[in-house]
Amino acid sequence: SHHSHPREEMTLATTPTFAGAGVFVCFALANRHADCFPRQIPYHSRRARKSRVTDRMVPAATPTDEEDVIDLQLHTRREAPCAALLSLSAFCKERGIESFDVYGDFNCPTSESYLSQFEQDVAAHFGKEDAVFCISGGMAQSIVLLINDATRSKNTGSPAFACHPTSHLLLHENSGYNELMKFESIVLGWDHHESSYDPNIILETSACFRMGPLRLDDVEALVGKEGESRILSHPSRKPDVNVSTLILELPHREIGGKLTPWDEVLEMSNFCSKHNLAFHCDGARIFEASAGYGHASLAETAKPFDSVYISFYK
């Protein structure tokens, strides 16, 4: 999967100034630094390129037919710096943007900040109270975890969140949640009696394609008869962690875009309310999920969740 490569993105997420408000939308706007991805080098810049899908050689396109080439491995269209800056200049002129936003200036009137206007517009589309711009999706979801731990913590055990075995936080972020924030994860839907969770089993094999989406019974395993988690945490295998957030990815990317049944999503929301858990949606592809559920609006898809992460460039 090309998603294992490092990347930078632009994201909107909830602002910490609204900690505990349970209103959170986050988005990725654009991917940058094409030099991070060998597959993103234009065809005409090489005499030939090797396909990542097959082992055959693909003939290089000439400069004259570059516009006719459609590379389905690219998730954004690349522009030359000059063209990108000209486009940005025209955009600002058309919309009357005459000043730079000061990141973090939350006291600035919305009418004076294009970014604030955009955040409010997106929040409205998703039926949430507020939204905030962040540098990356990893940063946005880390902010969510920290806010939820600060507002829902029982002050016992290590901070933790619960998620599906194929969560992006487990597979593609180099354990940043643990290294940087000392969080543990409770991996739901993994057969803990067979072996302890190992992300390399998923990354290095095709095991994930046999998995289903996160289900209600997986979530209910979070709470045992005595009200404590029956699952040891990853990576430290601790029994006494403090789970403050349940993360549900919609759709589940690594297993082919599968969706948790909507009635079970609603039951998960009820479960989280009952047990004082924040319900967070990793909705990098929530536009696809909303269409897949047949919802009339994005707000309908976002409604069961306390917070939502959204990516625009997917």
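Every chain is numbered independently, its residues counted from 1 as its sequence is written. Local features are withheld for residues below a pLDDT of 70 in this predicted model, meaning they are given only at 70 or higher, and side-chain atom pairs are given and counted only at 80 or more; totals for whole chains, interfaces and linings count all residues. The side-chain values count all of the structure's non-hydrogen atoms but skip hydrogen atoms and water molecules.

A. Quick look at the overall build of the chain. Secondary structure elements follow DSSP: runs of H or I no shorter than four residues count as helices, runs of E no shorter than two count as strands, and numbering proceeds from the N terminus. Within the chain, the regular secondary structure consists of ten helices and eleven strands. A total of 314 residues make up the chain; the buried ones form 44% of that total. Taking contacts inside the chain between residues at least 6 apart in sequence as the whole, the part at least 24 apart equals 72%. Counting every atom, the chain has about 17000 Å² of accessible surface; 53% of that belongs to carbon and sulfur. Exposure categories follow from relative accessible area, calculated using a 1.4 Å probe and restricted to protein chains: below 20% of the type maximum is buried, above 50% is exposed, and the middle band is partly exposed. Residues are treated as being in contact if the distance between any of their heavy atoms lies within 4.5 Å. Per-residue and other accessible areas follow the Shrake-Rupley method at a 1.4 Å probe size, with only the shown protein chains counted as cover for residues.

B. Inspection of unusual backbone geometry at higher detail. Pro-235 follows His-234 through a cis peptide bond whose omega is 10°. You can see Pro-235 is positioned in the loop between helix H7 (216-220) and strand E9 (242-249). Residues Leu-250 and Pro-251 are joined by a peptide bond in cis, for which omega reads -10°. Along the polypeptide, Pro-251 turns up in the loop between E9 and helix H8 (262-274). Unlike most non-glycine residues, Ser-175 shows phi in positive territory, near 55°.

C. Looking closely at the pairing of strand E10 (residues 278-283). In terms of burial, E10 is a largely internal element, six of the six residues being buried. With burial as the criterion, each face of E10 is covered, one bearing Ala-278, His-280 and Asp-282 and the other bearing Phe-279, Cys-281 and Gly-283. Inspection of the sheet shows E9 paired to E10 by five bridges, in the parallel sense. Its bridge partner lying in E10, Leu-248 is registered against Cys-281. We call two strands paired when DSSP finds no fewer than two bridges between them.

D. View of a negative patch on the surface. Exposure above 30% relative accessible area and the lack of any salt bridge qualify a residue for a patch; like charges then connect within 9 Å, and the nonpolar side chains Val, Leu, Ile, Met, Phe, Trp and Tyr within 5 Å. For salt bridges, the criterion is a side-chain nitrogen of Lys or Arg within 4 Å of an Asp or Glu carboxyl oxygen. When charges are counted, Lys and Arg are positive and Asp and Glu negative, with His and the chain ends excluded. Every charge is mapped onto a representative atom, which is NZ of Lys, CZ of Arg, CG of Asp or CD of Glu. Among the surface-exposed residues, Asp-217, Glu-220, Asp-263 and Glu-267 lie close enough to one another that they form a single negatively charged patch. Of all the secondary structure elements, the ones that give two or more residues to the negative patch are H7 and H8. Note that Glu-267 resides in helix H8. When its relative accessible area of 40% is taken as the criterion, Glu-267 is described as partly exposed.

E. Spatial organisation of the pattern of salt bridges. All told, the structure shown has four salt bridges when counted by the stated rule. A salt bridge links Asp-306 to Arg-152; the nearest nitrogen and oxygen atoms lie 4.0 Å apart. Of this pair, Asp-306 sits in the loop between helix H10 (298-302) and strand E11 (307-310) while Arg-152 sits in helix H3 (residues 137-152); the two residues are 154 residues apart in sequence, bridging distant segments of the chain. A salt bridge links Glu-264 to Arg-215; the nearest nitrogen and oxygen atoms lie 2.6 Å apart.

F. Inspection of the packing of aromatic side chains at higher detail. Geometry of aromatic contacts follows a simple scheme: Phe, Tyr and Trp rings, the Trp one being its six-membered ring, pair when their centres are within 6.5 Å, and the pair is stacked under 30 degrees between planes, edge-to-face over 60, tilted otherwise. Tallied over the entire structure, the rule returns eight aromatic pairs. Ring plane angle 35° and centroid distance 4.4 Å describe the contact between Phe-279 and Phe-305, whose orientation is recorded as tilted. Residue Phe-279 is located in strand E10, and its partner Phe-305 is located in the loop between H10 and E11; the two are separated by 26 residues in the primary sequence. An identical accessibility class is assigned to Phe-279 and Phe-305; each is buried.

G. Summary view of the pairing of strand E8 (residues 184-187). Burial along E8 is two-sided: Glu-184 and Ile-186 facing one way and Ser-185 and Val-187 facing the other are all buried. Sheet topology places strand E7 (residues 159-163) next to E8; four bridges connect them, and they run parallel. In the strand pairing of E8, Ala-162 is matched with Ile-186.

H. Structural context of the side chain of Glu-119. Here Glu-119 lies in helix H2 (residues 114-125). Distance and chemistry together define a polar contact, namely a pair of N or O atoms within 3.5 Å, with one atom able to donate a hydrogen and the other to accept it when in protein, and with adjacent residues in sequence counting only for side-chain atoms on both sides. Polar contacts involving the side chain of Glu-119 include one to the main-chain amide nitrogen of Phe-133, which spans 2.8 Å.

I. Highlighting helix H9 (residues 286-293). Ile-286, Ala-289, Ser-290 and Tyr-293 are the residues of H9 that are buried. Buried residues of H9, viewed axially, fall in a sector of 100°; they line one side. The exposed set on the far side of H9, more than 90 degrees from its buried face, consists of Ala-291 and Gly-292. Positive backbone phi, approximately 75°, marks Gly-294, located one or two places after H9. Note that the arc is defined by the directions from the helix axis to the C-beta atoms.

J. Just the environment of Ser-185, in detail. Checked against the element boundaries, Ser-185 lands in strand E8. On a C-alpha basis, the gap between Ser-185 and Cys-163 in space is 7.3 Å, while along the polypeptide they are 22 residues apart. Apart from residues lying up to four places away in sequence, Ser-185 is in contact with Phe-161, Leu-170, Tyr-177, Ser-233 and His-234. At a separation of 3.2 Å, a polar atom in the side chain of Ser-185 contacts the side chain of Tyr-177.

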